[in-house]
Amino acid sequence: YKTQEIKSLDTSLAELSSDLETESTELSAVLEYYAKVKDRCIAKPETYEERQRRREAEISGLKEALAVLKDETAFVQRKRRGSFRGTLSTDRQ
């Protein structure tokens, strides 16, 4: 009776050891995947220097765009009477 119980326990122990090994392998794979996903998904706060550098670049770009628009506006708004096609209107005074 006891030898049969020992054989049964040995079989159960082998199955459980195999299950534990499989579960450990799956767990390590899941944890590795989680580490990769966590790096991509969790927002990392910017440092003050990075924010300041990005804002300064944005402000300089906006200043450049404003200067271009002012130059183009001055070019378009010449003091002449007529349409944009360049024909002068003689009946307006």
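Description of the structure in this document. Treat the numbers as computed from the prediction; the structure is a model and nothing was measured.

Helices and strands together make up the secondary structure of the protein chain, namely two helices and zero strands. Within the protein chain, buried positions represent 0% of all 93 residues. Carbon and sulfur atoms provide 56% of the accessible area of the protein chain, an area that totals close to 9500 Å².

What follows is about a negative patch on the surface. Side chains of Glu 15, Asp 19, Glu 23 and Glu 26 sit close together on the surface and give a patch of like negative charge. With respect to the secondary-structure elements, Glu 26 resides in helix α1 (residues 2–41). Assessed through its relative accessible area of 45%, Glu 26 is described here as partly exposed.

A separate point is the pattern of salt bridges. In this structure the tally under the stated criterion is two salt bridges. For Glu 46, the salt bridge identified is with Arg 54, shortest N-O distance 2.8 Å. Judged by its relative accessible area of 34%, Glu 46 is partly exposed. What makes Arg 54 partly exposed here is its relative accessible area of 44%.

How each quantity is defined
Residue numbers here run from 1 along each chain, matching the order of that chain's written sequence. Reporting in this predicted model follows two pLDDT cut-offs: at least 70 for local features of residues, and 80 or more for side-chain atom pairs to be given and counted; totals over whole chains, interfaces and linings ignore these cut-offs and use all residues. Excluded from the side-chain calculation are hydrogens and water; included are all heavy atoms of the structure. Working definition: helices are DSSP H or I runs of at least four residues, strands are E runs of at least two. Numbering for both runs from the N terminus. Each residue gets one of three labels from its accessible area relative to the maximum for its type: buried under 20%, exposed over 50%, partly exposed in between, using a 1.4 Å probe on protein chains only. For accessible areas, the Shrake-Rupley method is used with a probe of radius 1.4 Å. Any residue's cover is judged against the shown protein chains and nothing else. What goes into a patch is any residue over 30% in relative accessible area without a salt bridge, connected to like charges within 9 Å or, for nonpolar side chains (Val, Leu, Ile, Met, Phe, Trp, Tyr), within 5 Å. We define a salt bridge as a contact between a side-chain nitrogen of Lys or Arg and a carboxyl oxygen of Asp or Glu at a distance within 4 Å. Counted as positive: Lys and Arg. Counted as negative: Asp and Glu, with His and the chain ends omitted from the count. Note on charges: their place is set at NZ of Lys, CZ of Arg, CG of Asp or CD of Glu.

The analysis is restricted to geometry; functional conclusions fall outside its scope.
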